[in-house]
Amino acid sequence: MDWTRILINALEASVGLQAVVFALAAIGLNVHFGYTGLLNFGQSGFLAVAAYGLAVTVATFGLPFWLGIVIGLVGAVLLALLLGIPTLRLRADYLAIVTIASSEIIRLVVRSVTFEGTFGGSDGRQNFAAGFYSLNPYPKGNYNIGEFGFPERVMWILTVGWALVGLSCLIVLLLMRSPWGRVLKAIREDEDAVRSLGKNVYSYKMQSLIIGGVLGSLGGFVYALGQASIQPDIFGTDTTFFAYTVLILGGAARVGAPVVGAMIFWVILSLTDNVLNQAIDAGYISSSIINNTQVGQFRFMLVGLLLMILMIFRPQGIFGDRREIALDAR
Amino acid sequence: MLRPTGASIGDQPELVSTTTGGVLVRKRVALFLAVLVSAGVCLFGVGAGPAQAAGESIFGFLFQLKGNVRTSYPSVVVTAKGPGGFTGKAVSDKNGRWTIEVPRPGTFTVSIDTKTLPKGVTLTDPSKQTLKLPVLEGQDKPVLFPLGKSTRTIESKWSQALQLTAEGLRFGLIIALAAVGLSLIFGTTGLTNFAHGELVTLGAVSTWWISTGVLPLLPDFGGLQFFPAAALALLLCAAMGWVNDVVLWRPLRRRGTGLIAAMIVSIGLSIFLRYFYLYLFTGSNRSYPDYQSQRGLNFLGVDLAPKDYWSMAVAVVVLGGVIYALVRTRTGKATRAVADNPALAAASGIDVDRVIRVVWVAGATLAGLAGILLGLAQGVNFQMGFQILLLIFAAVTLGGLGTAYGALVGSIVVGLFVSVSTLWIPVELKNVGALGILIVILLVRPQGILGRAQRVG
């Protein structure tokens with residue numbers, strides 16, 4: 001077994017594209033769930049709207065790249081408004097069901113044969129990232145320290161991605177230290193008390209839903225540009241629950257926690273993947289027990305278990321404070 | 001402000017007069033997780049039979065009926081064009097059958113070469129020489145080129161509606177079986193159980209396993225007939241419900257785990273079980289060996305297979321039994337009392353924990369039955385339960401969360417809507433319509449059809 005390769009893969013996973021995407025998705029969820037106590041189970045819908053907004057604008061209609069970004073962002077805001085208007089007055093579990101339903105609606109519509117001309121059916125969309133990579137300042141080549149490193153295209157998307165993560169964390173930090181952020185936390189703790197102080201709770205929740213949704217949608221852009229192709233099934237419910245696992249692992253209601261959570265999460269997944277794959281190739285594990293294609297399924301089982309164990313034994317995650325987690329439905 | 005009854009499963013500790021230490025609870029939960037993992041480890045290495053190809057194809061038969069005599073036309077050329085420059089060509093065999101394998105779903109243009117038809121044979125409608133049609137994922141799309149003079153009238157919209165209503169009723173009854181359990185569990189414990197779909201899948205998957213005889217850890221015993229297999233699978237589901245409550249949810253209730261925390265735990269369980277099923281069962285869609293296909297039976301203008309009629313009958317009888325039990329029996333009354341107000345129920349001498357355990361066992365059994373019937377209707381796959389979970393939620397919400405009768409009514413409405421709406425919207429988008437209805441209902445009547453007008457927000 002090639003332990004150097006395994007460790008380098010794990011190191012690359014900790015700063016790689018998936019870590020960036022899930023960090024951004026979880027930062028958005030942190031605003032919803034961590035700070036406001038809104039149980040948004042449709043975060044993958046925000047990622048999908050952003051990714052498809054960009055891809056469809058560029059690949060289907062041949063419009064410029066920047067317009068695609070704008071349309072994706074506007075789409076995320078509209079989705080937040082559409083979701084929020086009927087559901088923000090409802091109890092948390094209703095909000096959860098409605099948001100998960102709407103993210104599934106989005107996925108079913110974009111993958112349908114009926115709208116194949118626009119969204120590309122189950123194949124999704126390709127050929128929309130050229131505008132982004134034409135801005136790449138890195139000259140062609142590999143940027144390595146020893147064996148660890150990335151080629152110039154990956155360097156560019158990771159630079160932009162981590163810059164967005166940093167910017168999002170800064171925005172969340174400043175927002176949550178402001179009086180506005182304190183109202184959000186108060187809503188999480190006791191909505192009725194906030195209402196009795198004359199605050200418009202509905203409006204605050206809506207603002208939180210929009211901001212968290214837009215922050216999450218940045219993850220959709222980064223994913224679409226990094227892969228240079230999107231398929232509808234990436235944006236299934238599992239993506240949302242991965243983001244929840246990332247958030248809870250790091251610790252909800254902490255600014256940097258989603259970032260650390262995402263890094264640790266993808267290191268764990270990379271390690272299990274690589275160790276299992278290499279053990280199977282080397283014959284340590286019989287391929288009648290588990291073969292290379294089943295390693296992916298094992299990874300999902302692991303995530304499910306991780307989510308259960310965290311929620312039961314340590315809902316505050318690594319950095320959180322148990323008293324600050326919205327664990328009861330209101 | 002009104003809070004919904006039974007809103008927190010954290011309410012339970014006071015009711016059951018317990019001072020259970022956190023350590024014991026921790027052990028119980030850890031035990032459950034260990035059981036899950038070791039179940040995973042023990043069952044490693046058990047393949048589940050041959051996988052079937054899950055590709056798409058377009059096929060059809062070229063023939064003409066004269067009275068009862070069927071004349072087939074071999075060596076007729078049919079071509080298909082599709083996305084990505086795909087072209088396929090097929091020649092009909094001696095039964096008139098032609099098949100074109102297509103690489104992926106999409107819209108295809110299929111045309112028949114009329115010059116290769118025998119002399120004197122023409123298309124019924126010469127303008128229909130080329131047809132444009134969608135092929136869905138995993139679909140074997142039948143295409144008909146009618147030959148000879150038209151002899152029958154086209155099926156009217158009304159008879160289509162009748163057929164779809166019958167199919168919708170069948171689907172609605174299946175959803176109802178699962179929804180009643182989900183609704184009762186929500187009513188008595190406040191838990192929104194995202195892992196309920198996996199109980200549905202368990203019913204279907206275990207019936208398939210027992211009836212094919214390819215059982216984990218045991219030698220291949222050739223398989224049982226469908227009915228004993230289904231009965232054993234139901235027992236397994238009941239046991240699963242019991243294990244769910246005793247090993248996982250009751251300890252969590254005693255710890256005072258919040259509702260949202262419990263919901264997220266159920267999501268973790270759902271992900272774990274779904275991919276565990278995928279690991280054991282593989283991704284293909286299978287049917288029960290005894291019910292590969294069954295000839296349709298025409299009854300009052302509705303064309304359904306006999307298995308559809310009796311599965312509807314089974315569902316109606318079982319649902320009737322559930323309603324009778326809820327209204328008439330002691331345990332049923334106790335269940336409704338606990339759903340209404342757990343503290344008051346406990347004060348009047350009802351053993352709340354026992355009621356919840358009964359609800360879990362019954363709910364899991366009903367969900368398993370729903371899975372078995374759904375497997376009859378559409379085949380068995382590892383995520384069939386998860387695919388209908390949102391429809392079950394829609395049904396429960398539509399009827400009013402936590403009310404068992406509401407779940408019944410809501411399920412029938414959702415089933416009918418999903419099926420009949422395909423008159424106007426494409427089949428692949430039928431679930432979108434139902435989920436859209438869920439959102440609209442929450443806008444105008446959040447307490448559902450039969451729910452009491454209480455604040456749910």
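Residues numbered from 1 in each chain as written. Chains lettered and ligands numbered in written order. Predicted model: local features only at pLDDT ≥ 70, side-chain atom pairs only at ≥ 80, totals over all residues.

## Observations concerning the overall build of chain B
Put simply, the rule is: The helix count covers DSSP runs of H or I at least four residues long, the strand count covers runs of E at least two residues long, and both are numbered beginning at the N terminus. By the convention adopted here, residues are in contact when the distance between their C-beta atoms, placed from the backbone, does not exceed 7 Å.
In terms of helices and strands, chain B carries 13 helices and 11 strands. The long-range share in chain B, meaning contacts at least 24 apart out of those at least 6 apart in sequence, stands at 74%.

## Section: the overall build of chain A
Rule in force here: In this description the radius of gyration comes from C-alpha coordinates, and the expected globular size is given by 2.2 Å times residues to the power 0.38. Neighbour density around each residue's C-beta defines its exposure: 20 or more other C-beta atoms within 10 Å make it buried, 12 or fewer make it exposed, and counts between make it partly exposed, where C-beta atoms are placed from the backbone.
Each helix and strand counted, chain A has 14 helices and four strands in total. For 330 residues, the compact-globule estimate of 2.2 N^0.38 gives 20 Å, and chain A sits close to it at 20 Å. Taking the principal axes of its C-alpha atoms as reference, chain A extends roughly 65 × 50 × 40 Å. Residues classed as buried in chain A amount to 50% of the 330 residues present. When contacts within chain A are restricted to residue pairs at least 6 apart in sequence, those whose partners lie at least 24 apart make up 75%.

## Side note on helix 13 (residues 430-444) of chain B
As a reminder of what qualifies: Multiplying 1.5 Å by the residue count of a helix minus one yields the expected span of that helix.
Across its 15 residues, helix 13 of chain B extends 22 Å between first and last C-alpha, which sits within 8% of the 21 Å expected from 1.5 Å per residue. Listed as buried for helix 13 of chain B are Asn431, Val432, Ala434, Leu435, Leu438, Ile439, Ile441 and Leu442 of chain B. Looking at the buried side of helix 13 of chain B, the elements it contacts are helix 4 (65-87) and helix 5 (92-110) of chain A together with helix 11 (384-399) and helix 12 (404-420) of chain B.

## As for the confidence of the model for chain B
Residues and elements named next belong to chain B. Rules: The predictor's confidence in any single residue is recorded as pLDDT, a number from 0 to 100.
Here chain B averages 79 in pLDDT, and 80% of its residues register 70 or above. Averaged over each element, pLDDT in chain B is lowest for helix 1 (residues 12-15) (34) and highest for helix 10 (residues 352-378) (94). For the stretch residues 1-22, pLDDT sits under 50, and the model shows 49 contacts to residues farther than four places along the chain or on other chains. Here residues 39-53 is a poorly scored stretch, pLDDT under 50, and it has 23 contacts once near neighbours within four places are set aside; other chains count. What the predictor reports for the complex is a pTM of 0.81 with an ipTM of 0.91.

## Here we look at the interface of chain A and chain B
Rules: The classification used treats Ala, Val, Leu, Ile, Met, Phe, Trp, Tyr, Cys and Pro as nonpolar, Asp, Glu, Lys and Arg as charged, and all other residues, Gly among them, as polar.
Across the contact, 50 residues belong to chain A and 50 residues belong to chain B. For the side of chain A that touches chain B, the secondary-structure elements that each account for two or more residues are helix 4, helix 5, helix 12 (237-250) and helix 14 (295-313) of chain A. Partitioning the side of chain A that touches chain B into residue classes produces 31 nonpolar, 10 polar and nine charged.

## Remarks on the environment of Thr36 of chain A
All names here are of chain A. In this fold, Thr36 is placed in helix 2 (residues 17-36). With 97 residues separating them along the chain, Thr36 and Tyr133 place their C-alpha atoms 37 Å apart. Setting aside residues up to four positions removed in sequence, Thr36 forms contacts with Val31, Leu184, Ile187, Arg188, Lys205 and Ser208.

## A word on the sheet that holds strand 6 (residues 97-102) of chain B
Residues and elements named next belong to chain B. Note the threshold: A strand pair is defined by DSSP finding two or more bridges across the two strands. In this analysis, axes come from line fits to C-alpha atoms, helices being fitted only over the stretch in contact, and the angle between any two N-to-C directions falls in the range 0 to 180 degrees.
One open sheet accounts for three strands, arranged 6-1-9; its pairing is mixed. Because the sheet does not close on itself, it has two edges, and the strands there are strand 6 and strand 9 (140-142). Between one strand axis and the next, the sheet turns by 20° as a mean value, whatever way the strands run. By the bridge criterion, six bridges tie strand 1 (residues 56-61) to strand 6 in an arrangement that is antiparallel. Bridging across to strand 6, Phe61 finds its partner in Arg97.

## Some details on the pairing of strand 1 of chain B
Residues and elements named next belong to chain B. Burial along strand 1 is one-sided: the face carrying Glu56, Ile58 and Gly60 is buried and the face carrying Ser57, Phe59 and Phe61 is not. Two strands pair when backbone bridges link them, and strand 1 and strand 9 are joined in this way by three bridges, in the parallel orientation. Bridge assignment links Ser57 to a residue of strand 9, and that residue is Asp140.

## So, unusual backbone geometry
Residues other than glycine predominantly adopt negative phi, and peptide bonds predominantly adopt the trans conformation. Unlike most non-glycine residues, Ala228 of chain A shows phi in positive territory, near 55°. By secondary structure assignment, the location of Ala228 of chain A is in the loop between helix 11 (201-227) and strand 4 (229-230). Here Ala228 of chain A falls in the partly exposed class, since 17 other C-beta atoms lie within 10 Å of it. For Thr282 of chain B, which is not glycine, the phi dihedral falls at a positive 60°. The exposure class of Thr282 of chain B is partly exposed, given the 19 C-beta atoms found within 10 Å.

## Considering the packing of helix 2 of chain A against helix 8 (residues 152-177) of chain A
Residue and element names in this part refer to chain A. Just so we agree on the cut-off: Comment on the angle field: the value is read as roughly parallel under 35 degrees, roughly antiparallel over 145, roughly perpendicular from 65 to 115, and oblique elsewhere. For any helix crossing, the convention is left-handed if the near helix is rotated counterclockwise from the far helix by under a right angle, and right-handed if that rotation is clockwise.
One way to put it is that helix 2 packs onto helix 8 with a least axis distance of 9 Å and a crossing angle of 15°. By the angle between their axes, helix 2 is roughly parallel relative to helix 8. Of the two possible hands of crossing, helix 2 and helix 8 adopt the one that is left-handed. Facing Leu17, Val20, Ala23, Leu24, Ile27, Asn30, Val31 and Tyr35 of helix 2, the residues of helix 8 in contact are Ile157, Leu158, Gly161, Trp162, Leu164, Val165, Ser168, Cys169, Val172 and Met176. Taken together, the residues that form the contact of helix 2 with helix 8 break down as 15 nonpolar, three polar and no charged.

## Examining the sheet that holds strand 8 (residues 130-135) of chain B
Residue and element names in this part refer to chain B. The sheet built from four strands is open, its strands ordered 5-4-7-8 with antiparallel pairing. The sheet terminates laterally at strand 5 (86-91) and strand 8, the two strands that pair on one side only. Taking the axes of each pair of neighbouring strands and ignoring which way they run, one obtains an average angle of 25° across the sheet. Bridge count between strand 7 (residues 106-112) and strand 8: six bridges; the pairing is antiparallel. Within strand 8, the residue paired with Ser111 across the bridge is Thr130.

## Quick look at the environment of Leu169 of chain B
Residues and elements named next belong to chain B. Relative to the assigned elements, Leu169 resides in helix 3 (residues 157-189). For Leu169, a count of 20 C-beta atoms within 10 Å gives the class buried. Note: C-alpha distance between Leu169 and Lys333 (164 residues apart in sequence) is 28 Å. With sequence-adjacent residues up to four places away left out, Leu169 is seen in contact with Met312, Ile412, Gly415 and Leu416.

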